[in-house]
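Below are the chains, spelled out letter by letter.
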Amino acid sequence: MSRFDELVATVEVYQALAEENYNRIRRLAEEVRSGLCDYLGASDGVCVHLVPPAGPFEPRSYGDQAFSIPPRGFRPLGPVSFGLAVRVTKSQDWLRLALHCRKAGESFIVHIEEGAEYEFRLPISEEDARPFNAHIFEHIQDWFKENIERYREGAYGARAIGFEFSLPESKSKLDI
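Visitor: If you had to explain the pattern of salt bridges to someone new, which residues and values would you point to?
Guide: Taken as a whole, this structure holds nine salt bridges when the rule is applied. For the salt bridge of Arg33 with Glu30, the shortest nitrogen-to-oxygen distance reads 3.2 Å. With Arg33 and Glu30 both in helix H1 (residues 3-40), this residue pair falls three residues apart, about one helical turn. A salt bridge links Asp64 to Arg72, with the nearest nitrogen and oxygen atoms 3.0 Å apart. Overall, the relative accessible area of 22% leaves Asp64 in the partly exposed class. Assessed through its relative accessible area of 58%, Arg72 is described here as exposed. Residues participating in the shared-partner salt-bridge network are Arg26, Glu30, Arg33, Asp64 and Arg72.

Visitor: So, the nonpolar core: which residues are in play, and what are the values?
Guide: In terms of nonpolar packing, the biggest core is built from 36 residues, with Phe67, Phe82, Leu84 and Ile136 touching the most fellow members. Listed by contribution, the elements that provide at least two residues to this core are H1, strand E1 (48-51), strand E2 (80-87), strand E3 (93-104), strand E4 (107-112), strand E5 (117-121) and helix H2 (129-153). Counting residues per element, this core draws most heavily on H1, at seven residues. Beyond its immediate chain neighbours, meaning those up to four positions away, Phe67 contacts Tyr22, Ile25, Arg26, Ala29, Leu50, Val80, Ser81 and Phe82.

Visitor: Lay out the side chain of Ser81 in plain terms, naming residues and giving numbers.
Guide: Looking at the secondary structure, you find Ser81 in strand E2. Side chain to side chain, Ser81 and His100 meet in a polar contact 2.5 Å long. Aside from chain neighbours lying at most four places away, what touches Ser81 is Pro53, Ala66, Phe67, Ser68, Leu99 and His100.

Visitor: Let's hear about the state of the cysteines: which residues, and what values?
Guide: Applying the stated criterion to the full structure yields one disulfide. The side chain of Cys37 participates in a disulfide bridge whose partner is Cys47; the two sulfur atoms lie 2.1 Å from each other. In this pair, Cys37 is assigned in helix H1 and Cys47 in the loop between H1 and E1, connecting sequence segments ten residues apart. For Cys47, a relative accessible area of 1% translates into the label buried.

Visitor: Please give an account of the packing of aromatic side chains that cites residues and values.
Guide: Inspection of the entire model under this criterion finds eight aromatic pairs. Look at Phe67 and Phe82: their rings are 5.7 Å apart centre to centre, the planes differ by 45°, and that puts the pair in the tilted class. Of the two residues, Phe67 sits in the loop between E1 and E2 while Phe82 sits in strand E2, which places them 15 residues apart along the sequence. For Phe67, a relative accessible area of 7% gives the class buried. Judged by centre distance (5.4 Å) and plane angle (65°), the ring pair of Phe120 and Phe132 falls under edge-to-face. Of this pair, Phe120 sits in strand E5 while Phe132 sits in helix H2, and the two are twelve residues apart along the sequence. Like Phe120, the residue Phe132 is buried in the burial classification. An aromatic cluster of three or more residues is present, and its members are Tyr22, Phe67 and Phe82.

Definitions and limits used
- Residues numbered from 1 in each chain as written.
- Predicted model: local features only at pLDDT ≥ 70, side-chain atom pairs only at ≥ 80, totals over all residues.
- Heavy atoms only, no water.
- Salt bridge = Lys/Arg side-chain N within 4 Å of Asp/Glu carboxyl O.
- Helix = DSSP H or I, 4+ residues; strand = E, 2+ residues; numbered from the N terminus.
- Buried < 20%, exposed > 50% of the residue type's maximum accessible area, 1.4 Å probe, protein only.
- Core = buried A, V, L, I, M, F, W, Y, C linked by side-chain atoms within 4.5 Å.
- Contact = heavy atoms within 4.5 Å.
- Polar contact = N/O pair within 3.5 Å; in protein donor to acceptor, adjacent residues only side chain to side chain.
- Disulfide = S-S within 2.5 Å.
- Phe/Tyr/Trp six-rings, centres within 6.5 Å; stacked < 30°, edge-to-face > 60°.

Here's what the structure looks like:
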């Protein structure tokens, strides 16, 4: 076997693992997207979309562009990020959570940017996303409650956990 053939064989293993990693994260993201709206109990339409984890976004489905690496072609083997846009009012006010996912031994870690980590045991099953929905809900609730309390105490001028407003037309969007 030539050195080139050896290199090609090594890269094939690398790409197979990158595909496994991407597929695991993509499956989890889709399960959370579909399950979180049900968990929240929104009866008046779609309340969660997969969006890019950074940059401008609209509350709509981005498909492959919601992830930090491409679904096809040469992919890096490493953490993958995606965004969740969650509707937080009866009108069209949305916030975005950036989630960063990585494998750590036999665990799979999802870190909510500016928030806590959540650990899944591998392999991840569809049922594993249900308790994660509660984790996401608590993160959002806690963020709003903390800011309500800061206001009531008169200490609401700090932007310690990264809050941004974007007010295009009639939709409000924010990142937490």
